[in-house]
Amino acid sequence: MDLKLTRHPLSPLLYPNPLHEWEALNVFNPAVIQHNGLFHMWYRAQGRDYVSRIGYAVSADGLRWNRLSDPVLVPHHGEDDRRGVEDPRVTPLDGVFYMTYTAYGTRRYGGNTYFPMIARSDNLIVWQDIGPLERAENKDHVLFPEKIGGRYAILHRRPPNIWIAFSHDLQNWTDHTVVIEPRPGDNWDNTRVGANGVPLKTEHGWLLFYHAYDEGHVYRHSVALLDLDDPTRVINRPRGFILEPEEPWEFKGDVPNAIFSCANIIVGDEIWVYYAGADRLIGLATTPLRDVLDYARHG
Ligand code: BMA
């Protein structure tokens, strides 16, 4: 069984804006949610200083976007995020919004200089930090949209695996467990794996979109199904991938062959996957929900 996402004909949807220094070079890796009848987007942006900031855009149809002229989140932790705030993922939960993002600085945490942050907002625009998930080399963290067994649940990535952890207060995280590992050998996902957007609750389990890259640093995406009550348990993980770089703007840009997604949302009877090509432009690929669920269950 095989499944490939379909690129939307209007894609790519968002380009860098040369009139704004902070987003003049690259726009990429957006979070997207639907709220009160509108689509809301938070995207990573870079100007020529290569510092990442997070911009906000709003849309009635999810295709044509209106952007604020100033970023809504900028570095604010000195050395800890001097090089930027990256890769937002936004989860609505209990009437408020949580953003997980990567703080990228100059201080070392383990093997690198980034660590995973969590922030919260009541109004989509003003974000307040809750704190780090941990002060360790870790990213690609995303909160589940509801509590599981009475606790918050979060996916994260201690390299090279996707992990899960649980918390009562969003500050102290325990029961860290590996969920998905790279598949060694001649496989597309043999080097590193990481979660994409907020996992989707379905009757068959949590539908997780994730990315992986191989030794040639080519990014591809696929899906897995996790047990609803015990998401440490993988129900099925198809062998294949559903998206790989194919378009010129996905091959060439700032980082070649990087297709990177922080958003997979249900729109009508489809899933819309927002993703960036080559760390420079933002595009959209879609699939019928029924097809991707069949693939996640039987692929
Ligand atoms: C990852 C993240 C993403 C980026 C990707 C490809 O580690 O930093 O922001 O899009 O690499 O460069």
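What counts, and at which threshold
- Residues numbered from 1 in each chain as written.
- Predicted model: local features only at pLDDT ≥ 70, side-chain atom pairs only at ≥ 80, totals over all residues.
- Heavy atoms only, no water.
- Pairing = 2+ DSSP bridges.
- Helix = DSSP H or I, 4+ residues; strand = E, 2+ residues; numbered from the N terminus.
- Axes fitted to C-alpha atoms, helices over the stretch in contact; angles between N-to-C directions.
- Core = buried A, V, L, I, M, F, W, Y, C linked by side-chain atoms within 4.5 Å.
- Buried < 20%, exposed > 50% of the residue type's maximum accessible area, 1.4 Å probe, protein only.
- Contact = heavy atoms within 4.5 Å.
- Polar contact = N/O pair within 3.5 Å; in protein donor to acceptor, adjacent residues only side chain to side chain.
- Phe/Tyr/Trp six-rings, centres within 6.5 Å; stacked < 30°, edge-to-face > 60°.
- Lys NZ or Arg CZ within 6 Å of the ring centre and 35° of its normal.

Colleague: What's the story with the sheet that holds strand S12 (residues 161-167) in this structure? I'm lost.
Modeller: Within a sheet, adjacent strands bond to each other through the backbone by hydrogen bonds, running parallel or antiparallel. Strand order in the open sheet formed by four strands is S10-S11-S12-S13, and the pairing between neighbours is antiparallel. The open sheet is flanked by strand S10 (139-143) and strand S13 (174-180), the only strands paired with a single partner. Averaged over all adjacent pairs, the angle separating strand axes in this sheet is 25°, with direction ignored. Here strand S11 (residues 152-158) pairs with S12 via seven bridges, running antiparallel. Bridging across to S12, His156 finds its partner in Trp163.

Colleague: Explanation requested: the nonpolar core in the structure shown.
Modeller: What tends to happen in soluble globular proteins is that the nonpolar side chains get buried as a cluster. Judged by nonpolar contacts, the single largest core of 25 residues is most densely connected at Leu207, Phe209, Val223, Ile242, Ile271 and Val292. Contributions of two or more residues to this core are made by strand S16 (205-213), strand S17 (219-226), strand S19 (259-267), strand S20 (270-277), strand S21 (281-288) and helix H2 (289-298). Of all the elements, H2 adds the most residues to this core, at four residues. Among all residues touching Phe209, those that are not within four sequence positions of it are Ala195, Asn196, Gly197, Leu200, Ser222, Val223, Ile242, Asn264, Ile271, Val273 and Val292. By size, the runner-up hydrophobic cluster in this structure holds 21 residues, among which are Leu155, Ile180, Trp188 and Ala224.

Colleague: Just checking my understanding: could you explain the sheet that holds S20 for this structure?
Modeller: Pairing is antiparallel in the open sheet, where four strands are placed in the order S1-S21-S20-S19. Here the strands that pair on one side only, and so sit at the sheet edges, are strand S1 (6-7) and S19. Relative to S20, S19 is paired through eight bridges, and the arrangement is antiparallel. Residue Ala263 lies in a different strand from S20, and its bridge partner there is Tyr274. Lying on the sheet, H2 is in contact with S19, S20 and S21; it crosses S21 at an angle near 80°.

Colleague: Help me understand the environment of Asp140 in this model?
Modeller: Position of Asp140 among the secondary structure elements: in strand S10. You can call Asp140 buried: its relative accessible area is 1%. A sequence separation of 32 residues divides Asp140 from Asn172, and the C-alpha atoms of the two residues are 18 Å apart. One polar contact links Asp140 to Arg89, side chain to side chain, over a distance of 3.2 Å. A distance of 3.3 Å separates the side chain of Asp140 from the side chain of His211, its partner in a polar contact.

Colleague: Even after reading the chapter, I still don't get the packing of aromatic side chains, so can you show me in this structure?
Modeller: Describing an aromatic ring pair means giving the distance of the ring centres and the angle of the ring planes. Applying the stated criterion across every chain yields a total of 13 aromatic pairs. Arranged with centres 5.0 Å apart and planes meeting at 45°, the rings of Tyr213 and Tyr219 form a pair that is tilted. Taken individually, Tyr213 and Tyr219 each receive the classification buried, so the pair is uniform in this respect. Measuring from ring centre to ring centre gives 6.0 Å for Tyr219 and Phe260, while their planes differ by 70°; the resulting arrangement is edge-to-face. With a gap of 41 residues between them, Tyr219 in strand S17 and Phe260 in strand S19 connect regions that are remote in the sequence. Relative accessible area serves as the criterion here: at 8%, Phe260 is assigned to the buried category. What links up through ring pairs into an aromatic cluster is the set Trp42, Tyr56 and Trp127. Directly above the aromatic system of Tyr114 lies the positively charged group of Lys139, at a separation of 4.3 Å from the ring centroid. In this structure, Lys147 is placed above the aromatic ring of Tyr152, and the distance from its NZ or CZ to the ring centre is 4.6 Å.

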